[in-house]
Amino acid sequence: MTTTHWAGSADGSQPVVRAGKLKVFLGAAPGVGKTYRMLDEAHRRAARGADVVVGFVQCHRRRHTEARLDGMEAIPLAAHTYRGAMHAELDRAALLSRRPQVVLIDELAHTNVPGSGLHPKRWQDVEDILASGIDVFTTLNVQHLESLSDVVEKITGVPQHETVPDEFVRRADEIELVDLPPEGLRRRLAHGNIYPPERIDASMANYFRTGNLIALRELALLWLAGRVDEALHRYRTEHGIGDVWETRERVVVALTGGPEGETLIRRAARIAGRSAGGELLAVHIARSDGLAAGVSQAALAGQRVLVEQLGGSYHSVVGDEVPTALVDFALVGSTPRSWFSVPADDVGWNVSSPGVGSARPSWRFPRTSTSTWSLTSGRATAGFCRPVAAPSPLPGSSPDP
């Protein structure tokens, strides 16, 4: 996403619109100060002469945040009735008609009221607004990133129904982490600066437990570190700096159409996102005889959509020996290191899940001089992967660093 303004075309015949800039204020949990920080930045931009308006800001009755709205122009919200209740939503048409330089749109993961606009999700509205040439400031909590939603549910016990594709957030021109240590966030909650008094005790004992907040903060820091790595890689490429090359992670996810598929995909996406240029590939091995006992085509179709939302690619390969077909697939491209994410009963290769037939109960990766194989099991405890030791190099070859 690049700077956006109206500009004359090369032949002067018609105006050309360049996309607006997106800035995301990312937080580990509610109450860290994302909206407040976004409003601070808006006041700074306005003081420098920018035309800034509020499109949608949710203050949650937090008085300090409400105070920062003073003096700011706001686009009136659109009222929509759904199931007998009135809901206020971003007025996308009024905003596009007003055409400010910068608009503030809180809660990027929000689901729009059915029938209230062109899109079901607010991030899709933001995409259109950016395309029209308007810069957008927005806020997002880490639990709403698609690749992390399952991990956050395991940490907090709260399912995440509203998510944003990681790929959309990665394309932001700027991501600012609004960070607050767990102790500080709990003090803010105890003082009534996040939720009303009747919700404080329950929140402290559940979602806002110290352990939860530490884990969520770590997730946010790790995810953002991956984006910093990507930015460094782009800088090196743009400036022709090639003395040091990053090791590219290639993560191959073996999908059977079973219920573990979404967990494997999200885990693989997190591994791929840890280094610049990481690649996520999902592959389903179909038997040559056409037999597919236990394979759910509907589940595979849904898993394919999830892979593509996370920036990966989906492939279907014909092969009777599942491990051999997977390794042959991973070798295409000659990447220095590959991860396999497979549905298995243990960390050894024990492929017996529905849809893949019988395979060798304990199959070892082949030894090669160019690749390192690692395995992460679909049932590894608490979402951690357990890598298999790298094979010894062939005689006369150099070990993988």
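The paragraphs below set out a description of the structure included in this document.

Parameters and conventions
Residues numbered from 1 in each chain as written. Predicted model: local features only at pLDDT ≥ 70, side-chain atom pairs only at ≥ 80, totals over all residues. Heavy atoms only, no water. Helix = DSSP H or I, 4+ residues; strand = E, 2+ residues; numbered from the N terminus. Buried < 20%, exposed > 50% of the residue type's maximum accessible area, 1.4 Å probe, protein only. Contact = heavy atoms within 4.5 Å. Areas by Shrake-Rupley, 256 points an atom, 1.4 Å probe, with all protein chains shown as cover. Salt bridge = Lys/Arg side-chain N within 4 Å of Asp/Glu carboxyl O. Core = buried A, V, L, I, M, F, W, Y, C linked by side-chain atoms within 4.5 Å. Pairing = 2+ DSSP bridges. Right-handed = clockwise from strand over helix to strand, strands pointing away. Axes fitted to C-alpha atoms, helices over the stretch in contact; angles between N-to-C directions. Parallel < 35°, antiparallel > 145°, perpendicular 65-115°, else oblique. Left-handed = near helix turned anticlockwise from the far one by under 90°. Nonpolar A, V, L, I, M, F, W, Y, C, P; charged D, E, K, R; others polar. Expected span 1.5 Å × (residues − 1). Polar contact = N/O pair within 3.5 Å; in protein donor to acceptor, adjacent residues only side chain to side chain.

Observations regarding the overall build of the chain
Right, so step 1: What the chain contains, in helices and strands, is 12 helices and 14 strands.
Right, so step 2: Counting every position in the chain, which comprises 401 residues, the buried fraction comes to 46%.
Right, so step 3: Restricting the contact set of the chain to residue pairs at least 6 apart, pairs at least 24 apart contribute 70%.
Right, so step 4: Of the roughly 19,700 Å² of accessible surface on the chain, a fraction of 53% belongs to carbon and sulfur atoms.

Re the pattern of salt bridges
Right, so step 1: Taken as a whole, this structure holds 19 salt bridges when the rule is applied.
Right, so step 2: Across the pair E73 and R98 runs a salt bridge whose closest N-O atoms are separated by 2.9 Å. Placement of the pair is E73 in the loop between helix 2 (63-67) and strand 5 (78-82) and R98 in helix 3 (residues 92-98), with a sequence separation of 25 residues.
Right, so step 3: One network of salt bridges, in which partners are shared, links K23, R37, E41, R44, R45, E174 and E176.

Some remarks on the nonpolar core
Right, so step 1: In this structure, L104 and L140 are the most contacted members of the largest nonpolar core, which totals 59 residues.
Right, so step 2: Setting aside residues up to four positions removed in sequence, L104 forms contacts with M38, L39, A42, V52, V53, V54, G55, F56, V57, M72 and F137.
Right, so step 3: Ranked by size, the runner-up nonpolar core spans 17 residues in total, among them I265, A268, I271 and L310.

Side note on the pairing of strand 7 (residues 102-105)
Right, so step 1: The side-chain alternation of strand 7 yields two buried faces, one formed by V102 and L104 and the other by V103 and I105.
Right, so step 2: For strand 4 (residues 52-56) and strand 7, the ladder comprises four bridges, and the chain directions are parallel. Across the sheet, residue V53 finds its bridge partner in strand 7, namely V103.
Right, so step 3: As defined by bridge partners, strand 7 adjoins strand 8 (residues 135-141) across four bridges and the pair is classed as parallel. By the bridge assignment for strand 8, V102 is matched with D135.
Right, so step 4: Read from strand 7 through helix 4 (residues 122-131) to strand 8, the crossover connection turns out right-handed.

Brief notes about the packing of helix 10 (residues 261-272) against helix 11 (residues 297-309)
Right, so step 1: Look at helix 10 against helix 11: their axes get within 10 Å of each other, and the N-to-C directions meet at 15 degrees. By the angle between their axes, helix 10 is roughly parallel relative to helix 11. At the point where helix 10 passes helix 11, the crossing takes the right-handed sense. Along the contact surface, helix 10 presents G261, E262, I265 and R266, while helix 11 presents Q303, L306 and V307.
Right, so step 2: Tallied by class, residues from the contact of helix 10 with helix 11 come to three nonpolar, two polar and two charged.

A closer look at helix 11
Right, so step 1: For helix 11, which comprises 13 residues, the first-to-last C-alpha distance of 19 Å matches the rise-based estimate of 18 Å (1.5 Å per residue) to within 8%.
Right, so step 2: Where helix 11 is buried, its residues contact helix 10, strand 11 (279-286) and strand 12 (313-318).
Right, so step 3: Positioned one or two residues after helix 11, G311 has a phi angle of 85 degrees, which is positive.

Details of the environment of T138
Right, so step 1: Counting through the fold element by element, T138 comes out in strand 8.
Right, so step 2: Through-space distance from the C-alpha of T138 to that of L104 is 6.1 Å; in sequence the pair is 34 residues apart.
Right, so step 3: T138 has contacts with L22, K23, V24, F25, M38, I105, D106, E107 and L108, leaving out every residue within four places of it along the chain.
Right, so step 4: Here I105 takes part through its backbone oxygen, which lies 2.7 Å from a polar atom of the side chain of T138.

A short note on the sheet that holds strand 8
Right, so step 1: Pairing is parallel in the open sheet, where five strands are placed in the order 4-7-8-3-9. Each of the sheet's edge strands pairs with one partner strand only, and the pair in question is strand 4 and strand 9 (174-177). Taking each pair of neighbouring strands and ignoring which way they run, the sheet shows an average axis angle of 20 degrees.
Right, so step 2: In this fold helix 1 (residues 34-47) packs onto strand 3 (22-27), strand 4, strand 7, strand 8 and strand 9, with an angle of close to 165 degrees to the strand it touches most, strand 8.
Right, so step 3: This element, helix 4, spans strand 3, strand 4, strand 7 and strand 8 of the sheet and lies at about 180 degrees to strand 7.

Re the packing of helix 7 (residues 182-190) against helix 8 (residues 197-205)
Right, so step 1: Axis separation between helix 7 and helix 8 bottoms out at 9 Å; the angle between their running directions is 155 degrees. Relative to helix 8, helix 7 is oriented roughly antiparallel. The segment helix 7 lies against helix 8, with R186, L189 and A190 engaging I200, S203 and M204.
Right, so step 2: Among the residues making up the contact of helix 7 with helix 8, the classes are represented as four nonpolar, one polar and one charged.

Topic: the environment of Y36
Right, so step 1: Take Y36: it is sitting in helix 1.
Right, so step 2: When sequence neighbours within four positions are dropped, the list of residues in contact with Y36 reads H64, T65 and R68.

Topic: helix 10
Right, so step 1: Helix length check: helix 10 (12 residues) gives 16 Å between terminal C-alpha atoms against 16 Å at 1.5 Å per residue, within 8%.
Right, so step 2: The element helix 10 is largely enclosed, with a buried count of 10 among its 12 residues.
Right, so step 3: Those residues of helix 10 that sit buried are G261, L264, I265, R266, R267, A268, A269, R270, I271 and A272.

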